[in-house]
Amino acid sequence: MADQHAAAAVQPEHMEPAQTQAEAPRTTGTAIVITSGKGGVGKTTSTANIGAALAARGRSVCLVDADVGLRNLDVVLGLENRVQHHFLDVIEQKCALEDALVQDKRVPSMVLLPAAQTREKDDVRTEDMAALIEDLRKRYDYVLIDSPAGIEMGFKNAVVGAQRAIVVTTPEVSAVRDADRVVGLLPKGIEAQLIVNRLRPQLVRRGKMLSVAQVDEILRLPLLGVIPDEPEVVIATNRGEPLSLKEGSTTGEAYRRAVARLEGEPVEIEDYSAEPGGLLSRLAAWIGGRR
Amino acid sequence: MPIVRGTRNGLEFDLFAAPLAELLPEIREKLAASPEFYHGASAVFSFGDAAPGDGAFDQLLTLLAEYRIQGAGVRGGPAIAEFAARASLAYLGPVAKGGGKVHHLSHGARSVDADFAGARADLARRRLRAVREPVTEAAPSPVRPAKDGEPASEAAPTRLQRGTLRGGQAIRQRGSIVVLGDVNPGAELVATGDIVVVGSLRGIAHAGAQGDASACVFALDLSPTQLRIGPHIAAAPEGERRRNPAPELARVEDGRIVIAPYTPPR
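Residues numbered from 1 in each chain as written. Chains lettered and ligands numbered in written order. Predicted model: local features only at pLDDT ≥ 70, side-chain atom pairs only at ≥ 80, totals over all residues.

**Topic: the overall build of chain B**
No. 1: Secondary structure assignment for chain B yields four helices and 16 strands.
No. 2: Within chain B, buried positions represent 38% of all 266 residues.
No. 3: Within chain B, contacts between residues at least 6 apart in sequence are counted, and of these 43% link residues at least 24 apart. (Helix = DSSP H or I, 4+ residues; strand = E, 2+ residues; numbered from the N terminus. Buried ≥ 20, exposed ≤ 12 C-beta atoms within 10 Å, placed from the backbone. Contact = placed C-beta atoms within 7 Å.)

Take a look at the structure:
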C-alpha cells in the first residue's frame, strides 16, 4: 500500500509532458454515496435532484441505484419504461455497461444505472461493486450512488466505491440517530456532508421540530443543504420530474444551492429560523422559544 | 428517606423510621417497581433499638424471597443482637454513623433522593445547584514520562479516543477512558476506571464497571442517556434539554450518584 502511494507520487516526475498531452486521460470523477440509515427520509429524491442539478450545470453524471430488489430511482426520474438492463447484468457480464445505462430524457448529460428489481442485495459482491464504480468514475464527472436503507450488505456495497458521502436526515430524533450510526460506519477517508430534508420552518420556530442547529449538535457534519418540506415534492416525485430542473420551485432552488456548495461554491445556508412576520410575531416566537 | 438502598455489597434496608409492619407496603412497592434487578442480591437490615415483631420480619423475609433476595445480616442496638441470634442472621453491630438520618451531603447538594439501585431516577435531581465548598480531591499520583521501551502501565491503562463516538460505537476498557470529542446517543463507554469526555456525553457511560464506586465520570456537557458508576445507576430526565451546559463531575457519595459542577482541585 505504502509502496503504491510512493510510486503514484513519484510518477508525474518521470512522465514525459508530451505523453501526458497525447493520452489526455480525463480526470477521474467523484463517486458520492447518498445514504441515511433510516428509510423514507428522501435519499432517492435527493439523489435525483442533486444529479439533475449537477447535469444542468454541465457536468456528466451517472446515477447508480444500489437498492437492489427495491429499485425506485428510475421511477422518481420518470425513466421506468426505458430500463432494459441493470447493474447486476453488467457485473455478471450479461450486457455491456453502455447497454444498461439509461439516458435521462431532460438532461442529456445524466444517465441512470438501474438496480435489479428481481434480485437480492446479497447477490452483489462488494469487490464487483467497487470495480464497477471505479469504471464509471473514469467516464463521468460524478457518480451518485443511491444507497438502500439499513446498514447491512446493501449499504456496504453502496459505500464501497465512494470518496464522498451525502448523509440525508430529517429533523426527527430517530432519523438523526440513524444518520449518526451510518456516519460511524462510513469507511475511513470518506468525506461526509449533510442534507437536512423536510424542514418545516414554522414548526421549528414553535419549538416543535428539531432545528438545523440541534441536528448539527449531534451530527457535526458540514452542511450541504437544508430542504424545506413542500407539497410540490410529492407531486414531482409521482410525476417523475426532479424539481431541481424546475424554475421557481422552492425545493428545486434549495437543491441547486446544495449542489453549488457540493462543487465548492461559498453559498450561504438558508436561514429558516428567521421570522418572516412583523415585530409582534417575532415577539411571540421569542416567548414561545423561551418556554 | 429511602428504605432500600443499593450498595456495592448488596441491598441495605433502613427500617428505623416506623414499626416494620408499617414499612412493608412501601418496600413491597419499591421491589415491584423493578423486580428483576434484585435477583440474587443479599440484604442487610438496620433497625433502631427495638426489635421488630417476628411476624412482620417473617413477612419481610417471605417478600424478599419472592425476589430472590437473601437476608445477610442485621444492624442495631443490643436488643437487635438477640433478635439476630433468634433469626439466625449475622449481627453486624450498631447502625453506622449517619444511618437513620438524612445523609449530609457537602457542598449544598440539593435533594438527592433514594438511589434505589437500578431504579429509574432523575439525573436532574442529582445535579447540585450550587457549590459552597469545593470538592476536595485526593492528590493524583504524579505523571511521569515513560522510559524508552517501557510498556504503558499494565495495571490500569488509559485509552485515549480522538474524535466523536457515534451511535452504535462502543469502547470497553480495563482502565480509564478519555474521549476527545462527543459521545453521541447510542454510543457506549464502559471502563473499570474513570471516564473523561472532553465534549458532550449523551450516550451511556459506565465507570467503575467492575464495581468500583470510587470511579468518576467527567464531561464538558454531562447529559448521558444513562450513567452508571460501580453498582449505581442513574437515568436522564426525559424530554429535558439544558441550555447552558457546564463541565460537571459525577461520582458516588453516600451510596448515590451525585453530579456537581466541576471545580479543579487545588
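**Here we look at the overall build of chain A**
No. 1: On a plain count of helices and strands, chain A comes out with 14 helices and eight strands.
No. 2: Taking all 291 residues of chain A together, 45% fall into the buried category.

**Some thoughts on the sheet that holds strand 1 (residues 30-35) of chain A**
Residues and elements named next belong to chain A.
No. 1: Read across the sheet, eight strands follow the order 3-4-2-5-1-6-7-8 without closing on themselves; strand pairing throughout is mixed. The open sheet is flanked by strand 3 (102-103) and strand 8 (223-228), the only strands paired with a single partner.
No. 2: Two elements, strand 1 and strand 5 (residues 142-146), share five bridges in a ladder whose sense is parallel. Residue pairing across strands places isoleucine 32 opposite leucine 144, the latter belonging to strand 5. (Pairing = 2+ DSSP bridges.)

**Brief notes about the sheet that holds strand 15 (residues 248-253) of chain B**
Two modes of strand pairing occur in sheets, parallel and antiparallel, and in both the strands are linked by backbone hydrogen bonds.
Residue and element names in this part refer to chain B.
No. 1: Taken in spatial order, the six strands line up as 6-8-10-12-15-16 in an open sheet, and their pairing is mixed. In this open sheet, the two strands that pair with only one neighbour each are strand 6 (158-162) and strand 16 (256-261). In this sheet, adjacent strand axes meet at a mean angle of 25° when their direction is disregarded.
No. 2: As defined by bridge partners, strand 8 (residues 176-180) adjoins strand 10 (residues 195-201) across four bridges and the pair is classed as parallel. Pairing of valine 179 across the sheet is with valine 197, part of strand 10. (Axes fitted to C-alpha atoms, helices over the stretch in contact; angles between N-to-C directions.)

**Topic: the interface of chain A and chain B**
No. 1: Tallying the contact residues gives seven residues for chain A and eight residues for chain B.
No. 2: Per-element accounting of the side of chain A that touches chain B gives the leading share, five residues, to helix 9 (residues 173-185) of chain A.
No. 3: When the residues that make up the side of chain A that touches chain B are grouped by side-chain class, the tally is two nonpolar, one polar and four charged. (Nonpolar A, V, L, I, M, F, W, Y, C, P; charged D, E, K, R; others polar.)

**Focus: the confidence of the model for chain B**
Residues and elements named next belong to chain B.
No. 1: Scored by pLDDT, chain B has a mean of 74; 69% of the residues are at 70 or more.
No. 2: pLDDT under 50 marks residues 98-122. Its contacts with residues more than four places away, or in other chains, come to 62 contacts.
No. 3: In the predicted complex, the global pTM is 0.64; the interface-specific ipTM is 0.71. (pLDDT = per-residue confidence, 0-100.)

**What about the nonpolar core?**
No. 1: Ile32, Val143, Leu144 and Ile145 of chain A are the most contacted members of the largest nonpolar core, which has 80 residues in total.
No. 2: The dominant element in this core, judged by the number of residues it contributes, is helix 3 (residues 43-56) of chain A, at six residues.
No. 3: In this structure, valine 143 of chain A is in contact with Gly29, Ala31, Cys62, Val64, Ile133, Leu136 and Arg137 of chain A, ignoring residues within four places of it in sequence.
No. 4: Membership of the second largest hydrophobic core comes to 32 residues, among which are Ile177, Val179, Ile229 and Ile257 of chain B. (Core = buried A, V, L, I, M, F, W, Y, C linked by C-beta atoms within 7 Å.)

**Things to note about the packing of helix 1 (residues 20-33) of chain B against helix 2 (residues 54-66) of chain B**
Helices that pack against each other are described as a pair by the angle of their axes relative to one another and the distance between those axes.
Residues and elements named next belong to chain B.
No. 1: One can describe the packing of helix 1 onto helix 2 by two numbers: an axis separation of 9 Å at closest approach and a directional angle of 15°. When the axes of helix 1 and helix 2 are compared, the pair comes out roughly parallel. The handedness of the crossing between helix 1 and helix 2 comes out as left-handed. Together, Leu20, Ala21, Leu24, Ile27 and Arg28 of helix 1 and Ala56, Phe57, Gln59, Leu60 and Leu63 of helix 2 make up the contact between the two elements. (Parallel < 35°, antiparallel > 145°, perpendicular 65-115°, else oblique. Left-handed = near helix turned anticlockwise from the far one by under 90°.)

**Here we look at the pairing of strand 12 (residues 217-222) of chain B**
No. 1: Relative to strand 12 of chain B, strand 10 of chain B runs parallel, the two sharing five bridges. Bridging from a neighbouring strand, leucine 201 of chain B pairs with leucine 222 of chain B of strand 12 of chain B.

**Looking at the environment of serine 46 of chain A**
Residue and element names in this part refer to chain A.
No. 1: If you trace the backbone, serine 46 turns up in helix 3.
No. 2: A count of 25 C-beta atoms within 10 Å places serine 46 in the buried class.
No. 3: Through-space distance from the C-alpha of serine 46 to that of aspartate 146 is 8.9 Å; in sequence the pair is 100 residues apart.

**A look at the confidence of the model for chain A**
No. 1: Looking at chain A, pLDDT values average 87 and 85% of them are 70 or higher.
No. 2: A low-confidence stretch, residues 1-23 of chain A (pLDDT under 50), is modelled with one contact involving residues beyond four sequence positions or located in other chains.

**Considerations on unusual backbone geometry**
Most peptide bonds take the trans form, and the phi angle of most residues other than glycine is negative.
No. 1: One non-glycine residue with positive phi stands out, namely glutamine 93 of chain A, at about 60°.
No. 2: One can find glutamine 93 of chain A in the loop between helix 5 (87-91) and helix 6 (97-100).
No. 3: Residue classification places glutamine 93 of chain A among the exposed residues on the basis of 8 C-beta atoms within 10 Å.
No. 4: A positive phi angle, near 50°, is found at aspartate 254 of chain B, a position not held by glycine.
No. 5: Note that aspartate 254 of chain B resides in the loop between strand 15 and strand 16.

**Details of the environment of glycine 55 of chain B**
No. 1: Examined against the element boundaries, glycine 55 of chain B turns out to sit in helix 2.
No. 2: Since 10 C-beta atoms lie within 10 Å of it, glycine 55 of chain B is described here as exposed.

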